[in-house]
Amino acid sequence: MLKKRLVAVIVVKDGRAVQSFGYRRYLPLGRPEILASNLDRWGCDEILVLCIDRGRQGLGPDIGLLKRLASMRLSTPLIYGGGVMTAEQAALVVHHGADRVCIDFALHQDDVQPIREMAVRLGAQALIGVFPLARLGTGLQWLDHRNGVSRAFSRENIALFDQGVISEAMIIDWSHEGCAGAFDIQLVTRFPMHNVPLIAFGGISEPSQAAVLLSLPQVSAVAVGNFLNYTELAAQRFKQQLPDLLLRPTTYSRYV
Amino acid sequence: MASSDITEFRACSRCLYTTAHPLGLVIDEEGICSGCRVHEEKDSLDWNERWMRLESIVKPYRSQSGRNYDCVVPVTGGGDSYYVLHLVKNLLKLNPLLVTNNKYFNTPLGVRNLANLRTRFDCDILVQNINPDSVRKIIRSTLRKFGSIYWPCLAGQTAFPVQTAVRYEVPLVIWGAHQGLEQVGMFSHAHEVQMTRRYRRDHDLMGYEADNLLSTFDSLTEGDIWQYRYPDDHDLKSIGVTGIYLGNYVRWDPKAQHEQMIRDYAYQSAGFSRTFDTYDFVDCFNYMNLHDQLKLYKHGYSKVTDHACREIRHGRLTRDHGLALVLQHEQKSAEYTGMFCDWLGVQPGALQFLMDNHRNRSFWRETAPRQWEFSGPTVNGTLQLSGVGTQGKSSDRCVFKKNSALDTRENAKYITIGKGYP
């Protein structure tokens, strides 16, 4: 990718978009498809819809939501995450309009064969691995938020990236999620897989933070969630304060 | 997600809202809703510091030459307009341009309150009168499509101030409280949320922008809807339009504020059959009547629940007393229905048929043709079972005074154009 990206994140819980704070507190926002339509018009580079309860409750991907998103005729590339455990589910998500798929709980399984099958069916470019991380001493702890247990990376996970099964990793600073200016940059610098493009998310509210992150060669994108909901033209304002070379220029829609 | 998708919903143990609330509601592990949690901030924030922050926010918008307005302030003859203007004009010392959208369902009391407001605060005002034939056509369409008689009122009152900001190059628009923050805790006060096109479409307009109303299967045309369009992003950017909410910087308490305005500026209030609050929405014949009845049909609760929740959170009502008030008011018949039928040109039976089509089956059961039984949260046990420690005596501060009536004439009717008060 020549350009780096601003990814707008819509967190969905019980079918509704919410603001999420530290994976434990939520405030209602509205209809995910209307948020997506707005972010599309604002010219975000990618939209990530993350359904946080689908995997936990074993519900599979939210196809109804994907259909509603498709009805909005978005032109921005769409990433879907939530409840995708098998290659069939991943293919169904793409069939219903997503361009890429986030893999979260499937990464915690001992058997990573389903992820390999997804890559065969959709291509590695379509797969993003999601890693909610926190720092512990000099290492990183990876949270399985189905049970609240954290652990280190396994050899199998590292192999998925080394072998090109997954194209990008999304690092979530889960404990700082929703806190202004709080993203821990060391989660990026200490990430053990060095040649993997990274998407940084969780507590990124300020363009100055994003500029520092985007200046790191391993960071391909910054993702912003709650903070795009407080002001009009929030995404354009965010982008405008970043050097032009890093991101696609801002756009302002016109009726005529 | 529409309320119609909801088959199971939970109630807050502190107030009377449930997760069926159309704005969305999140209940935490202690059983308390997001609205009650955000309301707690009202007792912990440093409001002096918040006010100073507001002063610094508005400072750059003051007209240096004095040849333009400092801000645009949307007003009506009801609601919180008096208090907003008191803050803007008297305390912030700004020179506002007032704007109001004619909803055509105006009460004489609303026309009187608006005329009194203009006189007392001595401000310029712009009134938008959209072609009433178009308004009627739109209401027929929105009533049929998604059960709303109020879409043009809401679309007009949220678009016209922003259109005016663009046309007059007055970038600052000042609103009162943010409904989503106040009711369901959509944002913290600290987020300092501003007016956005997204919120307007999602919540104020029930998901429908003006252009979404156009369809090959309907008779609405471009000429009917164009005045309801929100300015485009390019115009918002070029003028730098910013819509702020005073509720982020001032401890918002509509009851106390209205009583201050009655004392200081002769605001007048009136009673309604469908709620105990006498201060809000006295400018409209339909808001607290037909519109409120449709809200009960679609969402299983009505405005009296909003009023009770607000009073419970302010500590003036106990939860049990609030529930009793809701039960007392929510099934009362809407008044002035005949007037609306005459204005719209429909028969009462046809109106009821259209309204019945929007009854949410999660809350209503058709026991016989055109016979409906309510099974919403006030009667199915959801609210009764969820309250914890809610008994006790309500404060004697929960008294709403009424010092006028919507219409004192023998034959009440809409004042479609009302410039002043005799």
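Residues numbered from 1 in each chain as written. Chains lettered and ligands numbered in written order. Predicted model: local features only at pLDDT ≥ 70, side-chain atom pairs only at ≥ 80, totals over all residues. Heavy atoms only, no water.

Observations concerning the packing of aromatic side chains
A complete count under the given rule lists 31 aromatic pairs over all chains for this structure. Aromatic side chains Tyr150 of chain B and Tyr287 of chain B sit 5.1 Å apart centroid to centroid with 75 degrees between the ring planes, which places their arrangement in the edge-to-face category. Highlighted residues: Tyr150 of chain B in the loop between helix 5 (132–146) and helix 6 (151–167) and Tyr287 of chain B in the loop between helix 11 (254–265) and helix 12 (290–299), separated in sequence by 137 residues. Comparing Tyr150 of chain B with Tyr287 of chain B shows no difference in burial state: the two are buried. By way of ring pairs, the aromatic residues Phe105, Tyr150, Phe281, Phe285, Tyr287, Tyr336, Phe340, Trp343 and Tyr414 of chain B are connected into one cluster. Positioned above the aromatic ring of Phe21 of chain A is the side chain of Arg25 of chain A, whose terminal nitrogen or guanidinium carbon lies 5.2 Å from the ring centre. Directly above the aromatic system of Trp364 of chain B lies the positively charged group of Arg359 of chain B, at a separation of 4.5 Å from the ring centroid. (Phe/Tyr/Trp six-rings, centres within 6.5 Å; stacked < 30°, edge-to-face > 60°. Helix = DSSP H or I, 4+ residues; strand = E, 2+ residues; numbered from the N terminus. Buried < 20%, exposed > 50% of the residue type's maximum accessible area, 1.4 Å probe, protein only. Lys NZ or Arg CZ within 6 Å of the ring centre and 35° of its normal.)

Things to note about the side chain of Glu41 of chain B
Here Glu41 of chain B shows up in the loop between helix 1 (34–40) and helix 2 (47–58). For the buried Glu41 of chain B, which has no salt bridge, the nearest side chain bearing the opposite charge is Arg25 of chain A, at an N-O separation of 4.7 Å. In this structure the side chain of Glu41 of chain B is engaged in a polar contact, spanning 2.7 Å, whose partner is the side chain of His189 of chain B. Setting aside residues up to four positions removed in sequence, Glu41 of chain B forms contacts with Trp47, Ser188, His189 and Ala190 of chain B. (Lys, Arg positive; Asp, Glu negative; His and termini not counted. Salt bridge = Lys/Arg side-chain N within 4 Å of Asp/Glu carboxyl O. Polar contact = N/O pair within 3.5 Å; in protein donor to acceptor, adjacent residues only side chain to side chain. Contact = heavy atoms within 4.5 Å.)

What about unusual backbone geometry?
You will see that Arg73 of chain A, though not glycine, has its phi angle at about 55 degrees, which is positive. Tracing the chain through its elements places Arg73 of chain A in the loop between helix 2 (63–71) and strand 5 (78–81). Despite not being glycine, Phe281 of chain B shows a phi value in the positive range, around 60 degrees. Locating Phe281 of chain B in the fold gives a position in the loop between helix 11 and helix 12.

Some words on the domain arrangement of chain B
Residues and elements named next belong to chain B. Assigned domains within chain B: domain 1 (3–42 + 271–383) and domain 2 (47–248). One C-alpha centre belongs to domain 1, the other to domain 2, and the line joining them spans 24 Å. Every contact between the two is made by 35 residues of domain 1 and, on the other side, 41 residues of domain 2. Overall, the association of domain 1 and domain 2 removes approximately 3,100 Å² of surface from exposure, summing both partners, and the carbon and sulfur fraction of that is 60%. Taken as a group, Leu23, Asp283 and Trp343 account for 25% of the area that domain 1 buries against domain 2, more than any other trio of residues on that side. Run the count over domain 1 and domain 2 and you get two salt bridges. In this structure, Lys103 and Asp283 form a salt bridge, with 2.6 Å as the shortest nitrogen-oxygen distance. Along the contact surface separating domain 1 from domain 2 lie 20 residue pairs in polar contact (both at pLDDT 80 or more). (Domains from an automatic or database assignment. Buried area = accessible area lost by both parts, 1.4 Å probe.)

A word on the interface of chain A and chain B
Every contact between the two is made by 31 residues of chain A and, on the other side, 38 residues of chain B. Across the chain A/chain B interface, buried area totals approximately 3,000 Å², and carbon plus sulfur atoms make up 52% of it. On the surface where chain A and chain B come into contact, there are four salt bridges. Here Asp233 of chain B and Arg41 of chain A are joined by a salt bridge, their closest N and O atoms 2.9 Å apart. For the pair chain A and chain B, the number of links is 12 residue pairs in polar contact (both at pLDDT 80 or more). When residues of the side of chain A that touches chain B are traced back to their parent elements, those giving at least two are strand 2 (16–21), strand 3 (25–30), helix 1 (32–42) and helix 8 (234–240) of chain A. In terms of residue count, the dominant contributor to the side of chain A that touches chain B is helix 1 of chain A (six residues). Residue classes in the side of chain A that touches chain B are distributed as 14 nonpolar, 10 polar and seven charged. (Nonpolar A, V, L, I, M, F, W, Y, C, P; charged D, E, K, R; others polar.)

Looking at the environment of Ala124 of chain A
The topology assignment puts Ala124 of chain A in the loop between helix 4 (113–122) and strand 7 (127–136). Along the sequence, Ala124 of chain A and Cys179 of chain A sit 55 residues apart, while their C-alpha atoms lie 32 Å from each other.

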